[in-house]
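# Secondary and tertiary structure notes
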Amino acid sequence: MQATSHLALINLFVGDIQGGLGPFLGTWLAQTARWSPSQVGLLTTLVGFATLALSGPLGALVDRAGRPRLLIAAACAAILGGTLLLMVARSFPAVLAAQFVAALGGTLVVPAVAALTLGMVGKQAFPRQQGRNQAWNHVGILGAALVIGFGTPYVGPVVAFWVLGLLAAAAIIAALMTPKTSWNARRAVGWKEDDPDDKPERSAILSVLADRRLLLLSAALALFNLSNGSMLSLLGQKLVAAGQDGTGWTARYVIVAQLVMIPVALLAGSMADRRGRRQLLLVACAVLPVRALLSAFLDDPAWLILAEVLDGVASGVIGVAVPVVVADLTWGSGRTQTALGTVAAVQGVGGALSGWVGGLLAIHLGWTWAFVALAVPAAGALVLALWLEETCAPGGRDGAGAPCSAADPPARKPAREPAFSR
């Protein structure tokens, strides 16, 4: 089996479990524990803030430990354990603790998978491979959503837990079965593999994180997530309040979004070199305000599918573009996953606030104006994306004219530090 086939399996299985119950959490708590939108929002916010502070350190752990296979397995185990605790948890403290454990695993798995990908294919082939990773990721989410959607009428909302459990176990096995000789430790942490120094010095963390482009990207993503983070969950709760099958429709919306994300991710991976990274970010930020307005003014669950088509475009592009831009900005520093984790932390501020803000908006403004208000930060993200400089110009060349990307991966070199590849 080729090394990238192991990546495909890992991304296939971790796609659905990365966020725990994700959009099904709100409808699960609303149906089984009679939680209000503000309670669900407060829970999401508290968990988000508790884990986002650890995002940067967890990225640094991936850079330092150099064992992405084991870290992926550990992250999946945490997601599984935390989510299964929700089956019996009903009190706010118990649900909060369970969600924190699951969110911790979800935070760790992102830089760990990115490190394994970079270590396998290298910087030049990373954009295209990241597109493939995300496509497999969305295939996994789509398959899980289909099972949940068709299984809910017969088994109930608990079917989401069983699907997550099986996928988590499969992800752990796939990670541990990946040969440790299939990736290069230097590439995984963002060191140039042709550096003559056997153990190059890592760049200072502050010098990496203070890059103005990285800060601008982080701010845009925080606004993006502030708008996007709670939108699907609020949509499910809106349908529950209207007497509709919130869980069933949420599953259908996830299916639609994932169907769109699969070709979008593949297209974004190939377009990253031809059109540049900045244009991808502009597309993602431009469609999000439209999605918010459709969610505000459409009441028919069937017509609301249009909003989730746009969700598929925005989220599909962001999932490919962000790790690629971060790799562009940090290559050669030995701090790529540290930077990716830190960007995710700032991005997580928006996501954490989104649940709380969205819940309060729904209570005080009603469903329509809550979604209208969520379109405002989406527009702000678009403005910031317009200011962002291109990190790899169309044609795959960086500012110095050197190739920053290519269609095919370079030949793999063995890791120079064997301890990193365990």
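The rules behind these values
Residues numbered from 1 in each chain as written. Predicted model: local features only at pLDDT ≥ 70, side-chain atom pairs only at ≥ 80, totals over all residues. Heavy atoms only, no water. Helix = DSSP H or I, 4+ residues; strand = E, 2+ residues; numbered from the N terminus. Buried < 20%, exposed > 50% of the residue type's maximum accessible area, 1.4 Å probe, protein only. Contact = heavy atoms within 4.5 Å. Areas by Shrake-Rupley, 256 points an atom, 1.4 Å probe, with all protein chains shown as cover. Phe/Tyr/Trp six-rings, centres within 6.5 Å; stacked < 30°, edge-to-face > 60°. Salt bridge = Lys/Arg side-chain N within 4 Å of Asp/Glu carboxyl O. Expected span 1.5 Å × (residues − 1). Bend = angle between axes of the 7 residues up to and from the residue.

Let us look at the overall build of the protein chain. Helices and strands together make up the secondary structure of the protein chain, namely 15 helices and 0 strands. Per-residue burial over the protein chain gives 58% buried out of 422 residues. Once local pairs closer than 6 in sequence are excluded, the contacts in the protein chain between residues at least 24 apart make up 85%. Here the protein chain displays about 16,200 Å² of accessible surface, and carbon together with sulfur accounts for 67% of that area.

Moving on: the side chain of serine 354. You can see serine 354 is positioned in helix H15 (residues 336–387). Not counting chain neighbours up to four residues away, the residues in contact with serine 354 comprise Asn225, Leu226, Ser227, Gly229, Ser230 and Gly359.

Take the packing of aromatic side chains next. As enumerated under the stated definition, the model contains 1 aromatic pair in all. With a centroid separation of 5.8 Å and an interplanar angle of 35 degrees, the aromatic rings of tryptophan 249 and tyrosine 253 are classed as tilted. In this pair, tryptophan 249 and tyrosine 253 both sit in helix H12 (residues 246–274), 4 residues apart, roughly one turn of the helix. No difference in accessibility class separates tryptophan 249 from tyrosine 253, as the two residues are buried.

On inspection of all chains with the given rule, the structure shows 6 salt bridges. The partner of arginine 212 in a salt bridge is glutamate 389, with the nearest N and O atoms 2.3 Å apart. One end of the pair, arginine 212, is in helix H10 (residues 212–228); the other, glutamate 389, is in the segment after H15, with 177 residues separating them in the sequence. Two residues, aspartate 328 and arginine 277, come together in a salt bridge whose shortest N-O distance is 2.7 Å. Residue aspartate 328 is located in helix H14 (residues 305–330), and its partner arginine 277 is located in helix H13 (residues 277–297); the two are separated by 51 residues in the primary sequence. Residue class for arginine 277 comes out buried when judged on its relative accessible area of 1%. Taken together, the shared-partner salt bridges connect Lys123, Arg277 and Asp328 into one network.

Between its first and last C-alpha atoms helix H3 (residues 37–65) spans 40 Å; for 29 residues at 1.5 Å apiece the expected length is 42 Å, and the two agree. Helix geometry: H3 is bent most strongly at serine 55, by close to 40 degrees, with proline proline 57 lying one to four residues after it. The first or second residue beyond H3 is glycine 66, which carries a positive phi of 65 degrees.

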